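Below, each chain spelled out in residue letters.
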Amino acid sequence: MALSAVTVFCGASAGHRPDRPATATALGRTLAEAGLRLVYGGARIGLMGAVADAALAAGGEVTGVIPEQLLPYEIAHTGLTELHVVAGMRERKALMAELGDAFVALPGGFGTAEEFFEALTGSQLGLHTKPCVLLDPDGYYAPLLAFLRTAHDEGFLHDGDLERVVVCASVQQVLDRLLPREEMASP
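Counting of residues starts from 1 at the beginning of each chain's written sequence and follows it residue by residue. Side-chain atom pairs in this predicted model are given and counted only at pLDDT of 80 or more, local residue features only at pLDDT of at least 70, and totals for whole chains, interfaces and linings cover all residues. Heavy atoms from the whole structure form the basis of all side-chain values; hydrogens and water molecules are not counted.

1. Regarding empty space enclosed by the protein
Here a cavity means grid points, on a 1 Å grid over the protein atoms only, where a 1.4 Å probe fits yet cannot get out; a pocket means an open set of points with protein on both sides within 12 Å along at least five of seven lines; lining residues are those with an atom within 4 Å of a point. Grid points are joined across faces, edges and corners, and a volume is the space filled by probe spheres set on the points. Under the definition given, this model contains 1 cavity of 30 Å³ or more. As a volume, the largest cavity reaches approximately 40 Å³. Lining of the largest cavity is provided by Asp19, Arg20, Thr23, Pro107, Pro137 and Asp138. When the residues that make up the lining of the largest cavity are grouped by side-chain class, the tally is 2 nonpolar, 1 polar and 3 charged. All amino acids are sorted into three groups, where Ala, Val, Leu, Ile, Met, Phe, Trp, Tyr, Cys and Pro are nonpolar, Asp, Glu, Lys and Arg are charged, and the leftover types, Gly among them, are polar.

Next comes the structure, spelled out in structure tokens:
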């Protein structure tokens, strides 16, 4: 399957560590430079805003998907290539999944975890074969990965299920995983 769009899940907060927005910025820029459309949650704040702004600044196309109940808080990014306003979170996740050819999760909270696990569950059930990537340069997701190993060891995940989670320590590793060398070399 040719990759044209990547759905990124991440926090509407920037978190407490100054390197997190820098990682989001690097991811957005790198996706745009690779000619990949960014699909994300549509906010102008936090890691979401950083990844979108970087992709736009690098000349990339960015599609946001935001639930209408967030519009009164004025967090929608108004400078995107495309912004879909949907009825609620279920519609948001469904459209983000439909529009992307791969999933990448940066640090985030409940929403990020829910979105990523829904993508993983879809993979587990055979609903899609899209890569599910955790971008984890600093061990943020180590406790989550430990939980998944425990779930496997306790018999709640099958042997191949852990392989569905692709862990990358850098933005370059994400790109290398998503785009085979021959795709990166072609015009």
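2. What about a nonpolar patch on the surface?
A cluster of nonpolar side chains, Leu71, Leu83 and Val85, forms an exposed patch at the surface whose accessible area comes to about 220 Å². The topology assignment puts Leu83 in strand S4 (residues 82-86). Residues enter patches when they are more than 30% accessible in relative terms and free of salt bridges; like-charged ones are connected within 9 Å and nonpolar ones (Val, Leu, Ile, Met, Phe, Trp, Tyr) within 5 Å. Method for areas: the Shrake-Rupley scheme with a 1.4 Å probe, in which residue coverage is limited to the protein chains shown. Salt bridge criterion: a side-chain nitrogen from Lys or Arg within 4 Å of a carboxyl oxygen from Asp or Glu. Secondary structure follows DSSP: runs of H or I at least 4 residues long count as helices, runs of E at least 2 residues long count as strands, and numbering of each begins at the N terminus.

3. Quick look at the pattern of salt bridges
Under the counting rule described, the total for this entry stands at 8 salt bridges. Between Arg17 and Asp138 there is a salt bridge, with the nearest N and O atoms lying 3.5 Å from each other. Taken together, the residues span a long stretch of sequence, with Arg17 in the loop between strand S1 (5-9) and helix H1 (19-33) and Asp138 in the loop between strand S6 (132-135) and helix H5 (142-153) at a distance of 121 residues. The class for Asp138 is partly exposed, based on a relative accessible area of 27%. With a closest N to O distance of 3.4 Å, Glu82 and Arg37 form a salt bridge. Linking Glu82 in strand S4 with Arg37 in strand S2 (residues 37-40), this pair joins segments that are 45 residues apart in sequence. Residues participating in the shared-partner salt-bridge network are Arg17, Asp19, Arg20 and Asp138. Exposure is judged per residue with a 1.4 Å probe applied to protein chains only, and the accessible area is read against the type maximum: over 50% gives exposed, under 20% gives buried, and values in between give partly exposed.

4. Here we look at the packing of helix H3 (residues 89-99) against helix H4 (residues 110-124)
Put simply, H3 and H4 touch, their axes get as near as 11 Å, and they point 50 degrees apart. The angle between the axes of H3 and H4 places the two elements in the oblique class. Crossing geometry of H3 relative to H4 is assigned as right-handed. Taken together, the residues of H4 that come into contact with H3 (itself represented by Met89, Arg92, Lys93 and Met96) are Glu114, Glu115 and Glu118. A per-class count over the contact of H3 with H4 returns 2 nonpolar, no polar and 5 charged. Angles shown run from 0 to 180 degrees and are taken between the N-to-C directions of axes, each axis being a line fitted to C-alpha atoms and, for helices, limited to the stretch in contact. The scheme is simple: roughly parallel for angles under 35 degrees, roughly antiparallel for over 145, roughly perpendicular for 65 to 115, oblique for anything else. Handedness of a crossing follows from how the near helix is turned relative to the far one, being left-handed for an anticlockwise turn of less than a right angle and right-handed for a clockwise one. Whether two residues are in contact is decided by their heavy atoms: any pair within 4.5 Å suffices.

5. Brief notes about the packing of H1 against helix H6 (residues 171-178)
Relative orientation of the contacting elements H1 and H6 amounts to 35 degrees, with a least axis distance of 9 Å. Judged by the twist between their axes, the crossing of H1 over H6 is right-handed. Along its contact with H1, which presents Thr23, Ala26, Leu27 and Thr30, the element H6 presents Val171, Val174 and Leu175.

6. Focus: the side chain of Thr112
Its location among the elements puts Thr112 in helix H4. Residues adjacent in sequence count toward polar contacts only when both atoms are side-chain atoms; beyond that, a polar contact is any pair of N or O atoms within 3.5 Å, and within protein one must be able to donate a hydrogen and the other to accept it. A distance of 3.3 Å separates the side chain of Thr112 from the backbone oxygen of Cys10, its partner in a polar contact. For Thr112, the residues in contact, after removing those within four places along its chain, are Phe9, Cys10, Gly11, Ala105, Leu106, Pro107 and Tyr141.

7. Some thoughts on helix H2 (residues 46-57)
Owing to its 3.6 residues per turn, the α-helix aligns residues three or four sequence positions apart on the same side. Here the expected length of a helix is defined as 1.5 Å per residue gap, with one fewer gap than residues. Spanning 12 residues, H2 covers 17 Å between terminal C-alpha atoms, matching the ideal 16 Å at 1.5 Å per step. Of the residues making up H2, those classed as buried are Leu47, Met48, Gly49, Ala50, Val51, Ala52, Ala54 and Ala55. As for H2, its buried residues are in contact with H1, S2, strand S3 (62-67) and H3. One or two steps after H2, the chain reaches Gly59, where phi turns positive at roughly 85 degrees.

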